[in-house]
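Residues per chain, in single letters:
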Amino acid sequence: MTLSERLNLSAFRDDAEQWLRDAVPERWRMRRSSLSPEEITAVRREWDKQLHRGGYAGLSLPREYGGQGLGLAEEVVFHELAARAHAPEGFGRIGKILTAPTLIVHGTPEQQARFLPGILSGEQVWCQGFSEPDAGSDLASVATTARRDGDGYRVTGQKIWTSFADVADRSLFLAKTNPDAPRYRNLSMLLLDMKQPGVTVRPIKQISGTSHFAEVFFEDVWVADADRLGGEGEGWKVAMTVLQNERGAIEGITRYVEMRWDLDLLLRCCAARIGRTLDAEDFDVRLELVRWQVSKAVELVDDPVAFARASSVLKVTWSELWQEMTQLAIAASCPEHRAHWRHQYLETRASSIYSGSSEIQRNIMAERVLGLPK
Ligand SMILES: Cc1cc2nc3c(=O)[nH]c(=O)nc-3n(C[C@H](O)[C@H](O)[C@H](O)COP(=O)(O)OP(=O)(O)OC[C@H]3O[C@@H](n4cnc5c(N)ncnc54)[C@H](O)[C@@H]3O)c2cc1C
């Protein structure tokens, strides 16, 4: 990074810090745990709109598409500052991080004009309809069918683990459009309207008590040809663009901040409970390695293959470190923070599964980083 880029980034950081100080709602920062689920939803919805008004939506999207024309470095800096400022998590993640960049690569000008403004303004919430009961790691096994009906499709089937499904207006949706075509050429990517008859969303309650996702049933649901992203049978190619954006530095930096808080608390709990400190240095070094890996991924952003490799290593590092920390916290059994650690322990079980499980990331590292045979 050149000196002038560094200076620009530090000016961006100062502005963003100031904006976050003013923008994060006081009732969220101070009284979040006392808010009702409806109040939490209202704050999160409003946050997406505030980000847009403040010029912080679509930071790395090109200006001609309504973004701010900056880079991944600014996205990462902003997400780190937002996490440190205890900003709410909006509902716009799938729309902004996954759908918008994919629309820019594969969408028609008409689709871009129709969907990008709503995604960036926070008016339209998106979910990702990929996983099914028998298609997770093996995503190409998607069985939900979109059968031809005039100038569109009728979709029937089931998705599962769909985050934001209960609030989403649209789904970035992978379906089988040609059951007779060979694997990888039988799928299409659809921009499916979630608010139409035939879509049934059933939230799944997780072991931690929260509900981040849902199972979703589709019965003869309509999708017009105009809402297919890419050509018919090109769904796999479009899905690869989506997944490249998913395993990212943005999530890595947000988790880094949350893990830093947990590590500080863990050190205090261990000292109080078992009269000794942990090998703090070891954890500290491993946590800083997460931050270093985020900056490495940012540096590699223009090289998609190297970026994907770096993202896989990053994902395994932070998810497994966090699981290790919460496991230790449970063992330390600090009475004062038992509820927090119980929640964190159960929540972090999912971190090595979503966005590609640890086993799948290790397969990627073995094959594409180390060059080992399949
Ligand atoms: C919190 C959370 C949110 C999610 N949100 C979404 C969402 O919004 N949209 C969406 O579409 N999906 C979502 N998912 C689903 C997620 O993408 C899948 O859970 C994940 O891809 C794994 O698929 P699976 O659960 O079907 O497990 P499976 O693929 O059945 O895997 C079961 C086990 O076998 C291992 N395994 C599978 N294949 C291999 C292999 N080739 N080599 C070695 N080991 C293997 C896996 O690592 C895993 O341990 C979410 C999941 C979670 C936990």
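Positions within a chain are numbered from 1, following the residues in the order the chain's sequence is written. Local features are withheld for residues below a pLDDT of 70 in this predicted model, meaning they are given only at 70 or higher, and side-chain atom pairs are given and counted only at 80 or more; totals for whole chains, interfaces and linings count all residues. Note that water and hydrogens are dropped before the side-chain values are worked out from all heavy atoms of the structure.

Digging into the pattern of salt bridges
In what follows, salt bridge is the name for a side-chain nitrogen of Lys or Arg lying within 4 Å of a carboxyl oxygen of Asp or Glu. Summed over all chains, the structure comprises 25 salt bridges. Between R291 and E80 there is a salt bridge, and its shortest N-O distance comes to 2.8 Å. Of this pair, R291 sits in helix 9 (residues 280-299) while E80 sits in helix 4 (residues 72-84), placing them 211 residues apart in sequence. For each residue, the accessible area found with a 1.4 Å probe, counting protein chains only, is set against the maximum for its type, and the residue is called buried under 20%, exposed over 50%, and partly exposed in between. For E80, a relative accessible area of 4% translates into the label buried. Put simply, E320 and R362 hold a salt bridge, and the shortest N to O gap is 2.9 Å. Of this pair, E320 sits in helix 10 (residues 304-332) while R362 sits in helix 12 (residues 358-369), and the two are 42 residues apart along the sequence. On the basis of relative accessible area, E320 is assigned to the partly exposed category, the value being 25%. Using a relative accessible area of 41% as the deciding quantity, one classes R362 as partly exposed. Members of the salt-bridge network, linked through shared partners, are E110, R114, R170 and D227. Secondary structure elements follow DSSP: runs of H or I of four or more residues count as helices, runs of E of two or more count as strands, with numbering from the N terminus.

Looking at unusual backbone geometry
With a phi angle near 50 degrees, D220 is a residue other than glycine that sits in the positive phi range. Position of D220 among the secondary structure elements: in strand 7 (residues 213-224). Residue D220 is classed as partly exposed on the basis of its relative accessible area, which comes to 39%. The backbone of S355 shows a phi angle near 55 degrees, a positive value even though the residue is not glycine.

A few points about the site of the ligand
Whether a residue is near a molecule or strand depends on its heavy atoms: if one lies within 4 Å, it is near. The local shell around the ligand holds 16 residues, among which S131, S137, W161, S357 and E359 are the closest. Contact distances for the ligand include 2.5 Å between an oxygen atom and a side-chain N or O atom of S357. Within 3.5 Å is the distance limit for a polar contact, defined as a pair of N or O atoms, with the added protein rule that one can donate a hydrogen and the other accept it, and that residues adjacent in sequence qualify only through two side-chain atoms. Between an oxygen atom of the ligand and a side-chain N or O atom of E359, the distance comes to 2.7 Å. Residue composition of the shell around the ligand, by class: 7 nonpolar, 8 polar and 1 charged. Each of domain 2 (126-234) and domain 3 (247-369) gives at least three residues to the shell around the ligand. By the convention adopted, Pro, Cys, Tyr, Trp, Phe, Met, Ile, Leu, Val and Ala count as nonpolar, Lys, Arg, Asp and Glu as charged, and the other residues, Gly among them, as polar. Domain delimitation follows an automatic or database domain assignment.

What about the environment of G107?
Checked against the element boundaries, G107 lands in the loop between helix 5 (93-106) and helix 6 (109-121). Residue classification places G107 among the buried residues on the basis of a relative accessible area of 17%. Measuring from C-alpha to C-alpha, the distance between G107 and A85 comes to 35 Å, with 22 residues separating the pair along the chain. Sequence-distant contacts of G107, defined by excluding residues within four places in its chain, comprise T102, Q112 and L229. By the convention used here, residues are in contact when the closest approach between their heavy atoms is within 4.5 Å.

Notes on the state of the cysteines
A pair of cysteine sulfur atoms is labelled a disulfide when the two atoms are within 2.5 Å. This model, assessed by the stated rule, comprises 0 disulfides. You can see C270 has no disulfide; the closest cysteine sulfur is in C269, sitting 6.9 Å from it. Look at C270 and you get buried, because its relative accessible area is 1%.

Here we look at the side chain of E347
Position of E347 relative to the elements: it lies in helix 11 (residues 338-348). Charge assignment in this entry is limited to Lys and Arg as positive and Asp and Glu as negative, and neither His nor the chain termini are counted. One buried charge, E347, has no salt-bridge partner; the nearest side chain with opposite charge is R255, at 7.4 Å. A polar side-chain atom of E347 sits 2.7 Å from a polar atom in the side chain of T210.

Considering the packing of aromatic side chains
Between the rings of Phe, Tyr and Trp (Trp by its six-membered ring), a pair exists once the centres lie within 6.5 Å; its type follows the angle of the planes, with under 30 degrees stacked, over 60 edge-to-face, and the other angles tilted. For the coordinates displayed, the defined rule picks out 12 aromatic pairs. A centroid spacing of 4.8 Å and a plane angle of 70 degrees characterise the contact between F173 and F218, whose relative ring orientation is edge-to-face. Placement of the pair is F173 in strand 4 (residues 170-176) and F218 in strand 7, with a sequence separation of 45 residues. Residue F173 is classed as buried on the basis of its relative accessible area, which comes to 0%. The exposure class of F218 is buried, given its relative accessible area of 5%. Ring geometry for W318 and Y354: centres 6.5 Å apart, planes at 45 degrees, overall tilted. Of this pair, W318 sits in helix 10 while Y354 sits in the loop between helix 11 and helix 12, and the two are 36 residues apart along the sequence. Residue classification places Y354 among the partly exposed residues on the basis of a relative accessible area of 31%. One aromatic cluster is present, built from ring pairs that chain together F12, W19, W47, Y56 and F78.

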